[in-house]
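Overview (structure and organization)
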Amino acid sequence: MQAGIVGLPNVGKSTIFNALTAAGAASANYPFCTIEPNVGVLAVPDPRLERIKKYIPPEKLIPAAVEILDIAGLVRGASKGEGLGNQFLGNIRSTDAVLHVVRCFENPDVIHVDGAVDPIRDIDTIETELCLSDLDSVQKQIDRHQKKAKGGDKEALAKLDLLQPVLKLLEDGKPARLLPGALTDDAIKKGLRESGLLTSKPMLYLCNVDEKSAATGNEWSRAVEARAASEGAASLVICGQVEAEVSELDAADRMAFLSDLGLTEPGLARLARSAYKLLGLQTYFTAGEKEIRAWTFREGAKAPEAAGVIHTDFERGFIRAEVYTVEDLEQYKTEAGLKNAGKLRVEGKEYVVQDGDIMHFRFNV
């Protein structure tokens, strides 16, 4: 699962992405390794790993992670191929969610492409380009499905029922994610995903503020938060400059620096968790002497699918899962204690895995 960072020029997108890269080199707590020049893997901080470690001491801890793609900057006319528009839109299309960096700071040394700071105008600029690109795509899909629907094709008729109200939204300059049911109805979510629409992807607005606003936000970031709430999106306040400085400090100095700013953790840790949630991901754990590991699974997945995250053989030959919770481990201390208390459950193929489950899979292939 991959989230793409987007934004206009000079909003701090590259500063934040570069801070991610530097953070990985400086901090074992938040590892980040670049696997391509513009793609990285950001660990998701999870205190439950340390809680499990107290009772099952491992050789190593392995956190969950999300993949972050740094996408080329956008200019007006991207939907018509201006600048790096085609590359920009194509890269967004390949991601599962969008992290939209919005400039919420004033700095006379950093010129704004439109002359003055106005985060809502900037959001509208990017959203307009995405809507225009989707409008062209949806119209082509409707034309194609209408031809099939004339012959009574049920699938084509269902696609038209989905795409026609989406077309109306896009014509009004509104994103496809505002379609009723787009955030809650699994069938609608699947249909939009299959249609490959840019504006249907989950959106997280990153309000890039100045240092003095890092803990509290400011008037601009609050305007973005209100905009996000109105369209079912999420928002997060982060200071790219602070993150860049924090990434160069050792652990002790890092926490002192953050404390002076009124922060309890790096903004990148909050970003990792927010991106994870945005992608609809949850975590289960495997725990043993060699490692305690957080595994990422799709929310609502059943046990065989979750087992397949480890290896496809686990899903193909799934027999059962032995499951317990972090809270029960803390109460009963050992797996033997859990068994004696009846807290180590045996679950079958229909079990819906819960966030935070500690699992051991039995399989045969």
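Scroll up to find the structure.
We now turn to the structure provided with this report. Quantities reported herein were computed from a predicted structural model and do not represent experimental measurements.

The next subject is the packing of aromatic side chains. If you walk through the whole model with that rule in mind, you get five aromatic pairs. Residues Tyr284 and Phe361 carry aromatic rings whose centres are separated by 5.7 Å and whose planes lie at 80° to one another, so their mutual orientation is edge-to-face. One end of the pair, Tyr284, is in strand 9 (residues 281–287); the other, Phe361, is in strand 13 (residues 358–363), with 77 residues separating them in the sequence. Taken as a pair, Tyr284 and Phe361 share a single burial class, namely buried. With a centroid separation of 6.5 Å and an interplanar angle of 65°, the aromatic rings of Phe314 and Phe361 are classed as edge-to-face. With Phe314 in helix 12 (residues 312–316) and Phe361 in strand 13, the pair connects residues that are 47 residues apart, well separated along the chain. The class of Phe314 is buried, set by a relative accessible area of 18%. Site record: aromatic cluster; members linked through ring pairs are Tyr284, Phe297, Phe314, Phe318, Phe361 and Phe363. Sitting above the plane of the Trp295 ring, Arg293 keeps its charged end 4.2 Å from the centroid.

Our focus in this paragraph is unusual backbone geometry. With a phi close to 65°, Asn10 is a non-glycine residue in the positive phi region. Its place among the elements puts Asn10 in the loop between strand 1 (2–6) and helix 1 (13–26). A positive phi angle is found at Lys333, which is not glycine, with a value near 75°. Among the secondary structure elements, Lys333 is positioned in the loop between helix 13 (326–332) and helix 14 (335–340).

Calculation notes
Residues numbered from 1 in each chain as written. Predicted model: local features only at pLDDT ≥ 70, side-chain atom pairs only at ≥ 80, totals over all residues. Heavy atoms only, no water. Phe/Tyr/Trp six-rings, centres within 6.5 Å; stacked < 30°, edge-to-face > 60°. Helix = DSSP H or I, 4+ residues; strand = E, 2+ residues; numbered from the N terminus. Buried < 20%, exposed > 50% of the residue type's maximum accessible area, 1.4 Å probe, protein only. Lys NZ or Arg CZ within 6 Å of the ring centre and 35° of its normal.

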